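# Structural characterization, general
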Amino acid sequence: AIEIFGGNDVTITYKMIHPYHTSKHLEKMKRIGTVPDYHSEYKFDTEFEREIKREVFKIVRRGKEFGTFGWFARCLCYVTLFFSLQYLWVFQGSTFWLAVIYGFSQSLIGLNVQHDANHGAASKNAWINNILGLGADFIGGSKWLWMEQHWTHHSYTNHAEKDPDAFGAE
């Protein structure tokens, strides 16, 4: 196990990001070292994990887990709204209501466009996900920091010590 993502075992994050991968995928990878006396606290391939995956895959069918035409239409609307408001802000000056609507447009990008893209869920094409994922940078964040924190959150959801979002909820 390699420890990154907030000092946590990245094996859990790898399995979360690649739900269809099996141990055969891992066997193809070059081992670069081991951590002595390491014991994973996460149990893989349990009946609970298999049941969760079965239920999720009933809703999100294999090959259909990416953005639909409707998703991309909304994405285009959100991005167009954001840049239109930014144009108004620069060339006509700010007002209270422009600031409110501009902030709302940023939340649409953050909660929809960049979130899904940085999960790799917008498109089968990684480059499209990468470009749309940069929406985090347009709204004042960082794609790479968001991915590290959010993927750690998904790997350790509600774990009092390892979920970075659990700290903010206290």
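Here's what I pulled together on the structure shown here. Not measured: the values here are computed from a predicted model. Going along each chain's sequence as written, the residues are numbered from 1 onward. In keeping with the predicted nature of the model, local features appear solely for residues at pLDDT of at least 70, side-chain atom pairs appear and are counted solely at 80 or more, and the whole-chain, interface and lining totals rest on all residues. Computation of side-chain values covers all heavy atoms of the structure but excludes hydrogens and water.

### A closer look at helix 4 (residues 69–92)
- In this text, helices come from DSSP runs of H or I with a minimum length of four residues, and strands from runs of E with a minimum of two, each type numbered from the N-terminal end. Expected span of a helix: the number of residues minus one, times 1.5 Å. For helix 4, with 24 residues, the first-to-last C-alpha span of 34 Å sits near the 34 Å given by 1.5 Å per residue.
- Summary of the burial criterion: residues with accessible area below 20% of their type's maximum are buried, those above 50% are exposed, and those between are partly exposed, where the area comes from a 1.4 Å probe applied to protein chains only. For helix 4, the complete set of buried residues consists of W71, C75, Y78, F82 and L85.
- The contact rule is simple, with two residues in contact once any of their heavy atoms fall within 4.5 Å. Where the residues of helix 4 are buried, they touch helix 5 (96–118), helix 6 (126–133) and helix 7 (135–138).
- Of the residues trailing helix 4, G93 is marked for its positive phi of about 90 degrees.

### Describing the nonpolar core
- Counting residues in hydrophobic clusters, the biggest one holds 14 residues, and the most contacted among them are W71, C75, Y78, I109, V113, A122 and L132.
- Elements represented by at least two residues in this core include exactly helix 4, helix 5 and helix 6.
- Take this core: its biggest share by element is six residues, from helix 5.
- Residues in contact with L132, not counting those within four places in the same chain, are W71, F72, C75, V113, Q114, A117 and A122. Only buried residues count toward a nonpolar core. Its members are Ala, Val, Leu, Ile, Met, Phe, Trp, Tyr and Cys residues joined through side-chain atoms within 4.5 Å.

### Observations concerning the environment of A166
- Structurally, A166 is set in helix 9 (residues 164–168).
- Between the alpha carbons of A166 and H153 there is a distance of 8.1 Å; along the sequence they are 13 residues apart.

### Quick look at the pattern of salt bridges
- Here, a salt bridge means any Lys or Arg side-chain nitrogen found within 4 Å of an Asp or Glu carboxyl oxygen. This model, assessed by the stated rule, comprises four salt bridges.
- Salt-bridge contacts for R50 lead to E47; the nearest nitrogen and oxygen are separated by 3.2 Å. Taken together, the positions of R50 and E47, both in helix 3 (residues 47–59) and three residues apart, correspond to about one turn of that helix.
- For E47, a relative accessible area of 43% corresponds to the partly exposed category.
- As a salt-bridge pair, E49 and K53 come within 3.4 Å of each other at their nearest N and O atoms. Residue E49 and its partner K53 are located together in helix 3, separated by four residues, close to a single helical turn.
- The class of K53 is partly exposed, set by a relative accessible area of 26%.

It is worth stressing that arrangement in space is one thing and function is another; only the former is reported here.
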